[in-house]
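What the coordinates show
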Amino acid sequence: MGTKNIDIASLQNTGQKITVYEEDRATPTSSIELLTDEGHVKDELEELLDEDFLTEKAAPLEISKDSEPTEITQAPENNKEETTSSTTPQVITVPSSPVAEDPNKISDTEIMKDLLTNGYDWRVRPPGTNSSILGGGAVIVWVNMLIRSISKIDNVNMEYSAQMTFRESWVDKRLAYGEKSMGETVPDFVILAAGQQIWMPDSFFQNEKQAHRHMIDKPNVLIRVHKDGSILYSVRISLVLSCPMHLQNYPMDVQHCLIDLASYAYTTNDIEYKWKDQEPVQLKAGLNSSLPSFELSDVQTTYCTSKTNTGTYSCLRTVLTLKRQFSYYLLQLYIPSTMLVIVSWVSFWLDRSAVPARVTLGVTTLLTMTTQSSGINSKLPPVAYIKAIDVWIGACMTFIFGALVEFAIVTYFGTRLDQKKKSRAELTTKQPLHTPAPAPVWVPRHAGDMKNDQLGDMQTNLLANNRKEPALKRNPFIRMWRRSFGDQDLPKKLDLGSRLLFPILFISFNILYWTMFGNPDTKSPYV
């Protein structure tokens, strides 16, 4: 706002009273209170006000960011009908001069404007830092990442989802601003604003199926330009990555999933990727809790430089070793299937005449095992090789089916035996009631010619054999065998033998199964 010097002496000669005071404000201002006589307005004062303040009031007012806004207070005009003799004050507040900025301070906007407008071309890669090679050699891009979560490990589609903070850093000497001049200070780094563009590596993930950046509530991207020309690029992304799985040992398997990073267009002559020396891959605390079916047992980093028809491309590889949690399958598959096999053995203890009970037991256990097998295979891809779960389910179904077949055999032989007994009973009822004559006994002719001593030797041998037989009868296993099987018919013997044979075979199968599949190899083939 414009100002004009007022001749105080001339105002006093006209009879006006002038009071100069300071308001109690954070920013000191000067106020002039003009008091006029009742009913008189001086022409000179009106002219001054019209020229200095009223005419410039409509002009745009420029206020510095360090100064306070202009405040103009004007008392209401005197009512023509008032008869009081009070005066009407007019208070005019004029802002003081703005605080001057530090002349040695350079803003971030000025720095980036100078860097990006002085011949900088973001489409051309920066020169390398190797002074021994013409042109500086390839640009070294240092990479590290923070894995925030891993989820949705899909066995059917052989893929998994991951969310990470991906960071790259390289040196672009064209963006080094350092010390501008003597006495001027510059910040350690400036943040690239939206709309400003610099050269960045054309990195991509080789085994990526889907990916997106996070934009809520602002784009999760950070680009820092340091005063020595080093650039830091950080972005938060979510990826759906391919993971070829080998399911031979499922569900005791260990999977090795990859994260491959490479340049799409620049060969090793232009860009070379390297892992940072310290903590190239960081894991967020509590990451294992986000994996319901797996346990992240190990994370390794290596290189996967590939050679194609268009050149050799630098590549970085992260190997995630994922071990499947076995407790779920133990409770949902192995224990229930073992119980079904044991339940199928109950039919061996039922009488062979209880046909409905044995048939219902065998068929029910077989159908239950089939349903359980279908539920497990629906969560797996149709692979061409045999899995560990296939061996277990096949063996359990074989034992259950064997118990059902054993019942069919027992029923068959039992039916034939019953028919024979019935036929004998019918023949017995048809025979006469008189006692048949004893059958003649055949004696060899030479027996009459034997001497007494020879007959004595024969009698001695018979007595010796009779003495050995009680020794065999004293063996508890022989007595149990003869008591169980000696006087039993064939169907009963089959049931008794199955009670012992089926458990022994199932226990032997378990020992062999857990020896083969219980200790999977956790060594990664990619390292």
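An unreviewed UniProt entry lists the chain under the name Ig-like domain-containing protein, from Mesorhabditis spiculigera. Per its UniProt entry, the chain bears the Sequence similarities (unreviewed entry) comment "Belongs to the ligand-gated ion channel (TC 1.A.9) family."

Next up on the list: the environment of Ile342. Residue position: Ile342 is located in helix α4 (residues 327-344). In this structure Ile342 comes out as partly exposed when scored by relative accessible area, which is 43%. Residues Ile342 and Pro503, 161 residues apart in the sequence, show an inter-C-alpha distance of 8.3 Å.

Another aspect to go through is the sheet that holds strand β12 (residues 254-263). Strands belonging to one sheet form pairs held by backbone hydrogen bonds; the direction of such a pair is parallel or antiparallel. On the basis of which strands lie adjacent, the open sheet formed by four strands has the order β8-β12-β18-β15 and antiparallel pairing. Because the sheet does not close on itself, it has two edges, and the strands there are β8 (203-205) and β15 (294-303). When strand polarity is set aside, the average angle formed by the axes of neighbouring strands in this sheet is 20°. Bridging between β12 and strand β18 (residues 315-324) involves nine bridges; their strand directions are antiparallel.

All right, on to the UniProt feature "transmembrane region" (unreviewed entry) in the chain then. UniProt's entry tags residues 326-350, 391-414 and 500-517 with the feature "transmembrane region" (unreviewed entry), counted in the numbering of this structure. Taken end to end, residues 326-350 has its terminal C-alpha atoms 36 Å apart, with 72% of it in helix and 0% in strand. The straight-line gap between the two end C-alpha atoms of residues 500-517 is 27 Å; of that span, 100% is helix and 0% is strand.

Right, let's talk about unusual backbone geometry for a bit. Across the junction of Ile216 and Asp217, the peptide omega takes the value -10°, indicating a cis bond. Positionally, Asp217 belongs in the loop between β9 (208-213) and β10 (221-226). Of note, the phi angle at Lys152 is positive, near 55°, even though the residue is not glycine. Secondary-structure assignment places Lys152 in strand β5 (residues 139-154). We note that Glu279 has phi near 50°; this positive angle belongs to a residue other than glycine. The residue Glu279 is located in the loop between β13 (271-275) and β14 (281-283) in this model. Using a relative accessible area of 52% as the deciding quantity, one classes Glu279 as exposed.

It is worth spelling out the state of the cysteines at this point. Between two cysteines, a covalent bond joining their sulfur atoms is known as a disulfide. Throughout the structure, instances matching the rule amount to two disulfides. What pairs with Cys243 in a disulfide is Cys257, and their sulfur atoms sit 2.1 Å apart. Here Cys243 and Cys257 share a disulfide; its torsion about the S-S bond, -80°, makes the bridge left-handed. One end of the pair, Cys243, is in the loop between β11 (230-242) and β12; the other, Cys257, is in strand β12, with 14 residues separating them in the sequence. Residue Cys243 is classed as buried on the basis of its relative accessible area of 0%. Of the residues examined, Cys257 reaches a relative accessible area of 0% and is grouped as buried. Here Cys304 connects covalently by a disulfide to Cys315, the sulfurs 1.9 Å from one another.

Summarising the element assignment, Ala357 is placed in helix α5 (residues 355-377). Overall, Ala357 belongs to the partly exposed group, its relative accessible area being 38%. Measuring from C-alpha to C-alpha, the distance between Ala357 and Ser347 comes to 7.9 Å, with 10 residues separating the pair along the chain.

On to the nonpolar core, then. Judged by nonpolar contacts, the single largest core of 76 residues is most densely connected at Ile150 and Tyr160. If you tally residues by element for this core, the top one is helix α6 (residues 388-430), at nine residues. Apart from residues lying up to four places away in sequence, Ile150 is in contact with Tyr160, Ser161, Ala162, Leu287, Ser290, Leu291, Leu296 and Leu320.

Right, let's talk about a nonpolar patch on the surface for a bit. Nonpolar side chains collect at one region of the surface, where Leu330, Leu331, Ile335 and Met339 lie side by side and expose about 370 Å² of accessible area between them. Mapped onto the fold, Ile335 is located in helix α4.

Inspection of the entire model under this criterion finds 24 aromatic pairs. Ring geometry for Tyr334 versus Tyr513: centroids 6.3 Å apart, planes at 50°, classification tilted. With a gap of 179 residues between them, Tyr334 in helix α4 and Tyr513 in helix α9 (residues 490-517) connect regions that are remote in the sequence. Neither residue differs from the other here; Tyr334 and Tyr513 are each classed as buried. Here the aromatic rings of Phe399 and Phe502 are separated by 6.4 Å at their centres, their planes lie at 65°, and the arrangement is edge-to-face. Linking Phe399 in helix α6 with Phe502 in helix α9, this pair joins segments that are 103 residues apart in sequence. Residue classification places Phe399 among the buried residues on the basis of a relative accessible area of 12%. Residue Phe502 is classed as buried on the basis of its relative accessible area of 12%. Site record: aromatic cluster; members linked through ring pairs are Phe326, Tyr334, Trp345, Phe348, Trp392, Phe399, Phe502, Phe506, Phe509, Tyr513, Trp514 and Phe517. Positioned above the aromatic ring of Phe189 is the side chain of Arg224, whose terminal nitrogen or guanidinium carbon lies 4.5 Å from the ring centre. Lying across the ring of Trp349, Arg499 places its NZ or CZ 4.0 Å from the centre.

Conventions we followed
- The written sequence of each chain sets the order in which its residues are numbered from 1.
- Only residues with pLDDT of at least 70 get local features here, since the model is predicted, and only at 80 or more are side-chain atom pairs given and counted; chain-wide, interface and lining totals rely on the full set of residues.
- Only hydrogens and water are removed before side-chain values are computed, so all heavy atoms of the structure are retained for them.
- UniProt positions are given in the numbering used here, feature names are shortened, and annotations may be inferred rather than shown by experiment.
- Going along the chain from the N terminus, every DSSP run of H or I of four or more residues is numbered as a helix, and every run of E of two or more is numbered as a strand.
- Only protein chains enter the accessibility calculation, which uses a 1.4 Å probe. A residue is then buried if its area is under 20% of the maximum for its type, exposed if over 50%, and partly exposed in between.
- At least two bridges found by DSSP between two strands are what make those strands a pair.
- Every angle, taken between N-to-C directions, lies between 0 and 180 degrees, and every axis is a line fitted to C-alpha atoms, over only the stretch in contact when it is a helix.
- Disulfides are defined as cysteine sulfur pairs within 2.5 Å.
- Throughout, nonpolar core names a set of buried Ala, Val, Leu, Ile, Met, Phe, Trp, Tyr and Cys residues whose side chains join them through atoms within 4.5 Å.
- Two residues form a contact once any of their heavy atoms are found within 4.5 Å.
- The residues that make up patches have over 30% relative accessible area and no salt bridge, and they are joined within 9 Å when like-charged or within 5 Å when they are Val, Leu, Ile, Met, Phe, Trp or Tyr.
- In this description, accessible areas are obtained by the Shrake-Rupley approach with a 1.4 Å probe, and a residue is regarded as covered only by the protein chains that are shown.
- Any Lys or Arg side-chain nitrogen found within 4 Å of a carboxyl oxygen on Asp or Glu counts as a salt bridge.
- Working definition: rings of Phe, Tyr and Trp (its six-membered ring) pair if their centres are within 6.5 Å, and the pair is stacked with planes under 30 degrees apart, edge-to-face with planes over 60 apart, and tilted otherwise.
- Over a ring means this: the NZ of a Lys or the CZ of an Arg is within 6 Å of the ring centre and within 35 degrees of the ring normal.

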